[in-house]
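# Structural features, examined
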Amino acid sequence: MPLDAVPVPAGPREPGPDSGSTAVAHPNIALIKYWGKRDEELVVPCVDSLSMTLDILPTTTTVTLCPQGRPDRVTFDGSPAEGERRHRIIAFVDLVRELAGRSDPVLVETRNAVPTGAGLASSASGFAALAVAATAAYSLRLDPTALSRLARRGSASAARSVFGGFALCHAGHGVGAAADLSSYAEPVPLPDFDPAMVIAVVSTSAKAVSSRAAMRRTVETSPLYRAWAASGRADLTDIRAALRRGDLAAVGEITERNALGMHATMLAARPAVRYFSPATMAVLDSVLQLRRDGVPAYATMDAGPNVKVLCPPEAADRVAEAVRGAVPDGSVLIARRGPGARLLPGAER
Ligand code: DP6
């Protein structure tokens, strides 16, 4: 157990119906992407990543401890969670129970404002909220680094949603416990860099191939993967310098090339993983046209067909209009930088 994860002893507590701990977390969008794990069980990424946490589409999760002997229960948007989704949540709660040295069964209630599994970073906000709510419920006090490391075990991108604004997630070094200990996110303080992120939701369907399976296939079979991971290191150095200068055009160019490179690795996987749809291409075309018209707008895409467009806040309405024109059946949201994961008032124990 990492030293900073030592549980604070808590006396026995009789949970009542109102004893849940509720946390809220927001999704984040990576400007430098994480794709590929070097340890599947510990969820340790192969590459460093850098993201912006959004101020929209939060996940709200309540964890309530139940009397011994009761079964664990998980609800998702009010309905019982099943299959893989339930399994990942319970496995995560088991991890928290182990760290806390407790065995109380739980009721986990999660509500997502973001469509789940559609490449809109629902697992990032989901596991960040669960990490905060579950550690509070079990009276486990973790510092932000330990909390980020714990959230990573649910979903590597969740390590970044622990923090607001911009966050850098370290791939870490070594193997086993050393890898686990050295892989976490930390905030990148950029008080004056406040771009908009226009989100083109072209589909809210769950993806056909999970990001977990897709990244495994990419690492194992794509001849382009290593080259992309290597160029990602240069992308990270370049974007950090551009962020420090507040150079949105450079940040956007690096963001776009990093994402397109990631999708190229997937297209070269065997068999190929293709998340782009015709609507994705239409949005990418509209972004190119915006740039030709002098509007600094840059696209990034995750494990799904939806497109996120980075731009100056004063250009956000124009970008949203152009994107809407490209996908009349889709919906368009405008986000700014948002807060880190936190307990709701009254939920503190
Ligand atoms: C394309 O964090 O959802 O959004 O760690 O397997 O749960 P797991 O994957 P997840 O993958 C996110 C990949 C990405 C890029 C990114 O957010 O960095």
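Residues numbered from 1 in each chain as written. Predicted model: local features only at pLDDT ≥ 70, side-chain atom pairs only at ≥ 80, totals over all residues. Heavy atoms only, no water.

### Thoughts on the site of the ligand
Stated formally: Near is defined per residue: the residue qualifies when any heavy atom it owns lies within 4 Å of the molecule or strand. Here a polar contact is taken to be a pair of N or O atoms separated by no more than 3.5 Å, where protein atoms must pair a possible hydrogen donor with a possible acceptor and residues adjacent in sequence count only if both atoms sit in side chains. Exposure was quantified through the Shrake-Rupley algorithm and a 1.4 Å probe, taking into account, for residues, occlusion by the shown protein chains and nothing else. Note on conventions: DSSP H or I runs of at least 4 residues are helices, E runs of at least 2 residues are strands, and numbering of each starts at the N terminus. Throughout this entry, Asp, Glu, Lys and Arg are counted as charged residues, while Ala, Val, Leu, Ile, Met, Phe, Trp, Tyr, Cys and Pro are counted as nonpolar. The remaining residues, Gly among them, count as polar. Residue ranges assigned to the domains are those given by an automatic or database domain assignment.
In the neighbourhood of the ligand, 18 residues make up the surrounding shell, with Tyr34, Lys37, Ser155, Ser157 and Arg160 lying closest. Measuring from an oxygen atom of the ligand, one finds a side-chain N or O atom of Ser123 at 3.1 Å. At a separation of 2.8 Å, an oxygen atom of the ligand approaches a polar side-chain atom of Arg160. Contact with the protein chains hides 93% of the accessible area of the ligand, taken as 460 Å² for the molecule alone. Counting residues per element, the shell around the ligand draws most heavily on helix 6 (residues 211-221), which supplies 3 residues. A breakdown of the residues in the shell around the ligand according to their chemical character gives 8 nonpolar, 4 polar and 6 charged. Counting the residues that make up the shell around the ligand, at least three belong to each of domain 1 (21-191 + 338-343) and domain 2 (196-335).

### A few points about the pairing of strand 2 (residues 28-32)
What counts, and what does not: Type-normalised accessible area, obtained with a 1.4 Å probe on protein chains alone, sets the label of each residue: buried when under 20%, exposed when over 50%, and partly exposed for intermediate values. A pair of strands is considered paired only if DSSP assigns at least 2 bridges between the two.
In terms of burial, strand 2 is a largely internal element, 5 of the 5 residues being buried. Across 4 bridges, strand 2 lies against strand 5 (residues 49-53) in antiparallel orientation. The residue of strand 5 that forms the bridge with Ile32 is Leu50.

### Quick word on the sheet that holds strand 10 (residues 166-169)
Put simply, the test is: Simply put, an axis is a line fit to the C-alpha atoms, just over the touching stretch for a helix, and the angle between two N-to-C directions goes from 0 to 180 degrees.
Ordered by their spatial adjacency, 4 strands build an open sheet running 2-5-10-11, and the pairing between neighbours is antiparallel. The sheet terminates laterally at strand 2 and strand 11 (185-188), the two strands that pair on one side only. Each strand axis lies, on average, 35 degrees off the axis of its neighbour in the sheet, ignoring direction.

### Looking at the domain arrangement of the protein chain
Test applied: Here, residues are in contact when the closest pair of their heavy atoms is within 4.5 Å. Buried area is calculated as the accessible area (1.4 Å probe) missing from two parts once they are joined, with the contributions of both summed.
Here the protein chain is described as being made up of domain 1 (21-191 + 338-343) and domain 2 (196-335). If you average the C-alpha positions of domain 1 and of domain 2, the two centres end up 23 Å apart. With 31 residues of domain 1 in contact, the opposing surface of domain 2 contributes 46 residues. Summing both sides of the interface, domain 1 and domain 2 together bury roughly 3,000 Å²; the carbon and sulfur share of this comes to 71%. It is Leu31, Lys33 and Trp35 that lose the most area in domain 1 upon contact with domain 2, and together they represent 28% of the buried surface on that side.

### Some details on helix 7 (residues 225-245)
What counts here: Working rule for helices: expected span equals 1.5 Å times residues minus one.
Relative to the 30 Å expected for 21 residues at 1.5 Å per residue, helix 7 spans 30 Å between its end C-alpha atoms, a close match to the ideal helical length. For helix 7, the set of buried residues is Tyr225, Trp228, Ala229, Gly232, Asp235, Leu236, Ile239, Ala242 and Leu243. Against strand 2, strand 5, strand 10, helix 6 and helix 8 (248-267) lie the buried residues of helix 7. Once helix 7 ends, the next one or two residues include Gly246, with phi positive near 70 degrees.

### Here's the deal with unusual backbone geometry
In this structure, the amide linkage connecting Arg270 to the following residue, Pro271, adopts the cis form with an omega of -5 degrees. Structurally, the position occupied by Pro271 is in the loop between helix 8 and helix 9 (278-292). Even without being a glycine, Val43 presents a positive backbone phi close to 55 degrees. Secondary-structure assignment places Val43 in the loop between strand 3 (37-39) and strand 4 (44-45).

### Quick word on the packing of helix 2 (residues 122-137) against helix 3 (residues 144-154)
We apply this condition: Roughly parallel means an angle under 35 degrees; roughly antiparallel, over 145; roughly perpendicular, 65 to 115; everything else is oblique. Take the far helix as the reference: if the near one is turned anticlockwise from it by less than a right angle, the crossing is left-handed, and if turned clockwise, right-handed.
For the pair helix 2 and helix 3, interaxial distance at closest approach is 8 Å and the crossing angle is 125 degrees. One way to sum up the angle between helix 2 and helix 3 is to call them oblique. Helix-helix and strand crossings are classified by hand; for helix 2 and helix 3 the assignment is right-handed. Along the contact surface, helix 2 presents Phe127, Ala128, Ala131, Val132 and Thr135, while helix 3 presents Leu147, Leu150, Ala151 and Gly154. Residue composition of the contact of helix 2 with helix 3, by class: 7 nonpolar, 2 polar and no charged.

### Thoughts on the pairing of strand 9 (residues 106-112)
Of all 7 residues making up strand 9, 5 are buried, and the element is well covered by its neighbours. Taken together, the 7 bridges between strand 6 (residues 59-65) and strand 9 define a ladder with antiparallel strand orientation. By the bridge assignment, Thr59 is partnered in strand 9 with Asn112. Examined bridge by bridge, strand 7 (residues 73-76) and strand 9 share 4 bridges and lie parallel to one another. Paired with Val74 across the bridge in strand 9 is Val108.

### Observations regarding the packing of aromatic side chains
We apply this condition: Centres within 6.5 Å make a pair out of two Phe, Tyr or Trp rings, where for Trp the six-membered ring is used; the pair is then stacked when the planes are under 30 degrees apart, edge-to-face when over 60, and tilted otherwise.
Under the definition given, this model contains 3 aromatic pairs. Between Phe166 and Phe193, the aromatic rings sit 5.6 Å apart at their centres with planes inclined by 50 degrees, giving tilted as the arrangement. In this pair, Phe166 is assigned in strand 10 and Phe193 in the loop between strand 11 and strand 12 (196-201), connecting sequence segments 27 residues apart. According to the relative accessible area criterion, Phe166 is buried, its value standing at 1%. Exposure remark for Phe193: the relative accessible area of 6% places this residue in the buried category.

### As for the sheet that holds strand 14 (residues 307-311)
Taken in spatial order, the 4 strands line up as 13-14-12-15 in an open sheet, and their pairing is antiparallel. Only two strands of the sheet have a single partner each, and these edge strands are strand 13 (298-301) and strand 15 (331-335). Strand after strand, the sheet turns through a mean of 25 degrees between neighbouring axes, direction not considered. Across 5 bridges, the pairing between strand 12 and strand 14 is antiparallel. Bridge pairing in strand 14 places Ala200 opposite Val307. Across the face of the sheet, helix 9 comes into contact with strand 12, strand 13 and strand 14 while running at roughly 160 degrees to strand 13.

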